[in-house]
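# Secondary and tertiary structure notes
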Amino acid sequence: MPKKAKAAVMTAPKKDLEILQYPLPRVERGCILVKITCCTICGSDVHSWVGRRTAPTPIILGHEIVGTIVEMGEGVTRDSGDRLLEAGDRITWTIMDNCGKCYYCREKGLMMKCRHLKKYGHDRCADPPHFIGGFAEYCYITPGTCVIKVPDNLTDEEVAPANCALATVVAGWEAAEIKPFENVLVQGAGALGFYACALAKHYGCRRIIVTDVLDHRLELIKAFGATDTINVKGMADEEIIGTVRDQTAGFGVDCVLEVAGLPNLISLGLKCLRIGGRYVEIGNSYPGANFTYDACDLMMRRLTIKGIHNYDAKHLQMGVDLLETTHEKYPFRDMVTHSVSLENMNAGMRLAESGEAIRVAVLP
Ligand SMILES: [Zn+2]
Ligand SMILES: [Zn+2]
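Residues numbered from 1 in each chain as written. Chains lettered and ligands numbered in written order. Predicted model: local features only at pLDDT ≥ 70, side-chain atom pairs only at ≥ 80, totals over all residues. Heavy atoms only, no water.

The complete set of buried residues in helix α7 (residues 237-246) reads Ile 240, Ile 241 and Val 244. Viewed along the axis of α7, the buried residues span an arc of 95°, placing them on a single side of the element. The exposed residues of α7 that point more than 90 degrees off its buried face are Glu 238 and Asp 246. Looking at the buried residues of α7, the elements they touch are β10 (184-187), β11 (208-212), β12 (228-231), β13 (253-258) and α8 (265-271). (Buried < 20%, exposed > 50% of the residue type's maximum accessible area, 1.4 Å probe, protein only. Helix = DSSP H or I, 4+ residues; strand = E, 2+ residues; numbered from the N terminus. Arc of directions from axis to C-beta. Contact = heavy atoms within 4.5 Å.)

And the structure:
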């Protein structure tokens, strides 16, 4: 094993990432050193890079990671599903390391809001173990992380987005309490939208309506189970609401999932709900995403709004299960439209920012 390894480091927002070398850490008890095989660029990496949200620097961004075990610290024998682990195994893991003992971990079942939370690709990398983000050759996994062995029948590109995009959608899905034959509206045909459609189809939803402004994405999402797509570019809100109502016997959808990350979609989405409908907000992961809505309508039409940020370990396992059992049915592998090397990281970030790519894979 080399003594040092490379990482693409963000030293300040709006600045190109720099390839730096850091010493590889000694593998402590309960920890795992992983050789990264693929990390996909998430929308939130782009938000941090362009300064839309603040990130501590220097930082190794990237959290949608998959890799193979190089070394396991004392005491590590099995993954969170009790599967035996050994060097060379391919694994994915939760975006967070949580303590398991605090108020939110223990009492409220909100491990993603742990009071001692550490998140891969979100914390400063200046101090050892340095390798705590995905845009690097290695990643150092600490004991509060839930690790999952990756099924052999999945490719790295299929698995990489699981521990952010997919697991978050699964958490949102659970919060939405969607039942078979319900009608759902997905606002946004990006990676989260693709997963939302696959879940909706898998669960037996009736109408799976998707809105976006990019035709090529709306075309691709049909392969993930979307039954109706609406390119809303240039359409007035009333026209969009009318189209959704027409597709749902005049009532509106049972549930809306917002995965585009555009605050002005929220009031529109709420109006697309039937009486008693549920709205799940998943996409707006940067501050200042304000919206206004008539509280009288919220009350009179008995609407529910839920916010979902990150997920619980079980949602990651469900995501991997979904991929394992349905990857021949839905073209998850087509979601990675571009790939770059670590050295070409900045080109990859620009591609991700442009919206041209659905997911860009970084292959160190
Ligand atoms: Zn993410
Ligand atoms: Zn905790």
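There is more to say, and it comes next.
This next bit is on the coordination of the zinc ion (ligand 1). Around the zinc ion (ligand 1), the protein contributes the donor atoms Cys 42 (SG), His 63 (NE2) and Cys 164 (SG), which lie 2.0 to 2.2 Å from the metal centre. Each donor residue of the zinc ion (ligand 1) belongs to the same chain, with the gaps between them written as C-x20-H-x100-C. Highlighted residues: Cys 42 in the loop between β3 (32-40) and α1 (43-49) and Cys 164 in the loop between α3 (156-159) and α4 (165-176), separated in sequence by 122 residues. A relative accessible area of 10% places Cys 164 in the buried class. (Donors = N, O, S within 2.8 Å, 3.2 Å for Na, K, Ca; no water.)

All right, on to the domain arrangement of the chain then. When its domains are assigned, the chain resolves into domain 1 (4-164 + 311-362) and domain 2 (166-307). The straight-line distance from the C-alpha centre of domain 1 to that of domain 2 is 28 Å. Taken together, the contact between domain 1 and domain 2 spans 29 residues of the former and 25 residues of the latter. Each partner contributes to the roughly 2,200 Å² buried at the junction of domain 1 and domain 2, and carbon and sulfur atoms together form 68% of this total. Of all residues in domain 1, Leu 322, Tyr 330 and Ile 358 give up the largest surface area on contact with domain 2, accounting jointly for 25% of the area buried on that side. (Domains from an automatic or database assignment. Buried area = accessible area lost by both parts, 1.4 Å probe.)

The zinc ion (ligand 2) binds to the protein through Cys 99 (SG), Cys 102 (SG), Cys 105 (SG) and Cys 114 (SG), with metal-donor distances spanning 2.3 to 2.4 Å. Site description for the zinc ion (ligand 2): donor spacing in sequence, C-x2-C-x2-C-x8-C. Note that Cys 102 is positioned in the loop between β6 (96-97) and α2 (103-107) and Cys 114 in the loop between α2 and β7 (118-119), a separation of twelve residues in sequence. The same class applies to Cys 102 and to Cys 114, which are both buried.

Our focus in this paragraph is the sheet that holds β13. Strand order in the open sheet made by the six strands is β12-β11-β10-β13-β14-β15, with parallel pairing throughout. Every interior strand has two partners, whereas the edge strands, β12 and β15 (304-307), have only one. Put simply, the sheet's adjacent strands are angled 15° from each other on average, direction ignored. Judged from the four bridges that link them, strand β14 (residues 273-281) and β15 form a sheet pairing that is parallel. The partner of Arg 278 across the bridge, within β15, is Thr 304. (Pairing = 2+ DSSP bridges. Axes fitted to C-alpha atoms, helices over the stretch in contact; angles between N-to-C directions.)

A word on the state of the cysteines. Overall, the coordinates contain zero disulfides when judged by the stated rule. Free of any disulfide, Cys 38 has its nearest cysteine sulfur in Cys 39, 7.1 Å distant. (Disulfide = S-S within 2.5 Å.)

This next bit is on the side chain of Asp 312. By secondary structure assignment, the location of Asp 312 is in the loop between β15 and α10 (313-326). Despite its burial, Asp 312 remains without a salt bridge, the nearest opposite charge being carried by Lys 314 at 4.4 Å. Once residues lying within four places of it in the same chain are set aside, the contact partners of Asp 312 are Met 96, Gly 109, Met 111 and Met 112. (Lys, Arg positive; Asp, Glu negative; His and termini not counted. Salt bridge = Lys/Arg side-chain N within 4 Å of Asp/Glu carboxyl O.)

The buried count for β11 comes to five of five residues, which makes it a mostly enclosed element. With burial as the criterion, each face of β11 is covered, one bearing Ile 208, Val 210 and Asp 212 and the other bearing Ile 209 and Thr 211. Here β11 pairs with β12 via four bridges, running parallel. Each residue of the ladder has a partner; that of Asp 212, found in β12, is Asn 231. Taken together, β11, helix α6 (residues 215-221) and β12 form a β-α-β motif whose crossover is right-handed. (Right-handed = clockwise from strand over helix to strand, strands pointing away.)

Tracing the backbone shows Thr 243 in helix α7. Sequence spacing of Thr 243 and Cys 272 is 29 residues, and the spatial spacing of their C-alpha atoms is 9.3 Å. Ignoring sequence-local partners within four residues, the contact set of Thr 243 consists of Ile 230 and Met 235.

Turning to the packing of aromatic side chains, a few remarks are in order. Enumeration over the complete set of coordinates arrives at eight aromatic pairs. Pairwise contacts between aromatic rings join Phe 194, Tyr 195, Phe 224, Tyr 330 and Phe 332 into one cluster. Seen from the ring of Tyr 286, Arg 52 lies directly overhead, with NZ or CZ sitting 6.0 Å from the centre. (Phe/Tyr/Trp six-rings, centres within 6.5 Å; stacked < 30°, edge-to-face > 60°. Lys NZ or Arg CZ within 6 Å of the ring centre and 35° of its normal.)

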